[in-house]
Amino acid sequence: METLSENACFGGVQGVYRHKSSACNCDMTFGLFLPAEAKDGPVPVLWYLSGLTCTHENAMTKAGAQSWAAEQGIALVFPDTSPRGEGVADHDDYDLGQGAGFYVNATQDPWAPHFQMWNYVAEELPALLAENFAIDADRQAITGHSMGGHGALTLAMNLPGRFRSVSAFAPISNPTQTDWGRKQLGAYLGGDEATWAKHDSTLLMKEKGFDGPILIDTGTDDQFIDLLQPEALAQAIAERRQQAIYRMQPGYDHSYYFVSTFMEDHVTFHAEALYGD
């Protein structure tokens, strides 16, 4: 693992690291914020999964999460959104290929050799963090924005016991039924829609739910709201009587102005779960 940068940040350290990924068969870069408490031993960790076109850097520099994480003594992990580099398949459309991994394990060409983002986020990167940093693997939570909100919710519901809490900012909530999902799931996973279901948080909510608290925020002026389908997930939550807070925030759009506005709420929400019994 190569250290690309380490900067003092709110009493802790914001680092950026690169490593050879066996899951994605290429070099992967991630950001990691460690609060001051990590000097004395393992700390809880909050995963942040970013959205379409983003890298590890977007939330790291725009979300304002480090100040609130430092206050709570929580580490933050910012993975990349897809494999990258020479030889990695890409597409002219911004919502497919590099920057658009959708947190799935691709089974179709030309994506399968590198686009194994589910294994990367669920298995490889957690193991790497546990081996090299003061991370408490028993106290994990996860959040994300847009495509990353989709990833956070689907990982949380598919990996029972892994995360104590899950939240999302404007998640893609019903991808099997919208253009932000059908296009990508078909390309990565093929035409058998039965294989898509584990990557649709609305379907997972109906089938499994989540054994813990959920917080979701979406802006009423989100320019992509018809693609996000917040009403589908909200209905599934209500029908399951899932423990959840689902908020439609008046006047907010899809941008990081929206994310940063409510970041304190989300970090505080996760801190309560991470430090609870």
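Here, every reference points to the structure presented above.
Residues numbered from 1 in each chain as written. Predicted model: local features only at pLDDT ≥ 70, side-chain atom pairs only at ≥ 80, totals over all residues. Heavy atoms only, no water.

Q: Quick question: what am I supposed to make of the overall build of the protein chain here?
A: Within the protein chain, the regular secondary structure consists of nine helices and nine strands. Computed over its C-alpha atoms, the radius of gyration of the protein chain comes to 17 Å, within 12% of the 19 Å expected for a compact globule of 277 residues. C-alpha atoms of the protein chain, sized along the principal axes, occupy 50 × 45 × 35 Å. For the protein chain, buried positions account for 60% of its 277 residues. Expressed as a percentage of contacts within the protein chain between residues at least 6 apart in sequence, the contacts between residues at least 24 apart total 72%. Summing over all exposed atoms, the protein chain offers an accessible surface of approximately 11,100 Å²; the carbon and sulfur share of this is 46%. In the protein chain, the 16 positive side-chain charges and the 36 negative ones have mean positions that sit 4 Å from each other. (Helix = DSSP H or I, 4+ residues; strand = E, 2+ residues; numbered from the N terminus. Rg over C-alpha atoms; globule rule 2.2 N^0.38 Å. Buried < 20%, exposed > 50% of the residue type's maximum accessible area, 1.4 Å probe, protein only. Contact = heavy atoms within 4.5 Å. Areas by Shrake-Rupley, 256 points an atom, 1.4 Å probe, with all protein chains shown as cover. Lys, Arg positive; Asp, Glu negative; His and termini not counted. Charge placed at Lys NZ, Arg CZ, Asp CG, Glu CD.)

Q: Please clarify how the packing of aromatic side chains should be interpreted in this entry.
A: Each aromatic ring pair is characterised by the separation of its centres together with the angle its planes make. Taken as a whole and assessed by the stated rule, the structure comprises 11 aromatic pairs. Ring plane angle 35° and centroid distance 5.5 Å describe the contact between Tyr-17 and Phe-30, whose orientation is recorded as tilted. Here Tyr-17 is found in strand β2 (residues 12-21), whereas its partner Phe-30 is found in strand β3 (residues 26-34), with 13 residues between them in sequence. Note on Tyr-17: relative accessible area 3%, which makes it buried. Between Tyr-252 and Phe-258, the aromatic rings sit 6.3 Å apart at their centres with planes inclined by 50°, giving tilted as the arrangement. Ring-pair connections join several aromatic residues into one group, and the members of that group are Phe-169, Tyr-252, Phe-258 and Phe-262. When the ring centre of Trp-118 is taken as origin, the NZ or CZ atom of Lys-198, which lies over that ring, is 4.7 Å away. (Phe/Tyr/Trp six-rings, centres within 6.5 Å; stacked < 30°, edge-to-face > 60°. Lys NZ or Arg CZ within 6 Å of the ring centre and 35° of its normal.)

Q: Help me understand the pattern of salt bridges in this model?
A: In the structure shown here, the tally under the stated rule is eight salt bridges. Between Lys-183 and Asp-93 there is a salt bridge whose closest N-O contact spans 2.8 Å. Here Lys-183 is found in helix α5 (residues 179-189), whereas its partner Asp-93 is found in the loop between β5 (75-79) and α3 (117-132), with 90 residues between them in sequence. (Salt bridge = Lys/Arg side-chain N within 4 Å of Asp/Glu carboxyl O.)

Q: Explain the layout of surface pockets here, please?
A: Empty space among the atoms can be located by rolling a probe the size of a water molecule over them. Estimated volume of the largest pocket: approximately 260 Å³. Lining the largest pocket are 15 residues, with Leu-52, Thr-53, His-145, Phe-224 and His-254 positioned closest to its centre. Here the residues of the lining of the largest pocket sort into six nonpolar, eight polar and one charged. (1 Å grid on protein atoms, 1.4 Å probe; cavity = no way out; pocket = protein on both sides within 12 Å on 5 of 7 lines; lining within 4 Å. Points joined across faces, edges and corners; volume = space filled by probe spheres on them. Nonpolar A, V, L, I, M, F, W, Y, C, P; charged D, E, K, R; others polar.)

Q: Explanation requested: unusual backbone geometry in the structure shown.
A: Of all residues except glycine, most have a negative phi; of all peptide bonds, most are trans. For the bond from Asp-109 to Pro-110, the omega torsion is 5°, close enough to zero to count as cis. Positionally, Pro-110 belongs in the loop between β5 and α3. Look at Thr-53: it is not a glycine, yet its phi comes out positive at around 75°. Among the structural elements, Thr-53 can be located in the loop between β4 (43-49) and α1 (57-62). Residue Ala-170 is not a glycine yet carries a positive backbone phi of 45°. Looking at the secondary structure, you find Ala-170 in the loop between β7 (166-169) and α5.

Q: Honestly, the pairing of strand β6 (residues 135-144) in this entry has me stumped. Any pointers?
A: Counting buried positions over the 10 residues of β6 gives eight, a clear majority of the element. Looking at chain direction, β4 and β6 are connected through six bridges and run parallel. Within the sheet, the bridge partner assigned to Leu-49 lies in β6 and is Gly-144. (Pairing = 2+ DSSP bridges.)

Q: Just to check I follow, could you spell out α5 for this structure?
A: Structural remark: α-helix, 3.6 residues per turn; residues separated by three or four positions point the same way. Where α5 is concerned, the buried positions are Trp-180, Gly-181, Gln-184, Leu-185, Tyr-188 and Leu-189. Taken end-on, α5 shows its buried residues confined to a sector of 100°, consistent with a single buried face. Lining the buried residues of α5 we find α7 (225-228). Of the residues flanking the end of α5, it is Gly-190, one or two places downstream, whose phi is positive at about 95°. (Arc of directions from axis to C-beta.)

Q: So what exactly am I meant to see when it comes to the packing of α3 against helix α4 (residues 147-158) here?
A: In a packed pair of helices, the relevant descriptors are the angle between the two axes and the axis-to-axis distance. Taken N-terminus to C-terminus, the directions of α3 and α4 make an angle of 60°; their axes are 12 Å apart at the nearest point. Considering the angle they form, α3 stands oblique to α4. For the element pair α3 and α4, the recorded crossing hand is right-handed. From α3, Trp-118, Val-121 and Ala-122 reach across to α4, where they touch Thr-154, Leu-155 and Asn-158. Of the residues belonging to the contact of α3 with α4, the class tally is four nonpolar, two polar and no charged. (Axes fitted to C-alpha atoms, helices over the stretch in contact; angles between N-to-C directions. Parallel < 35°, antiparallel > 145°, perpendicular 65-115°, else oblique. Left-handed = near helix turned anticlockwise from the far one by under 90°.)

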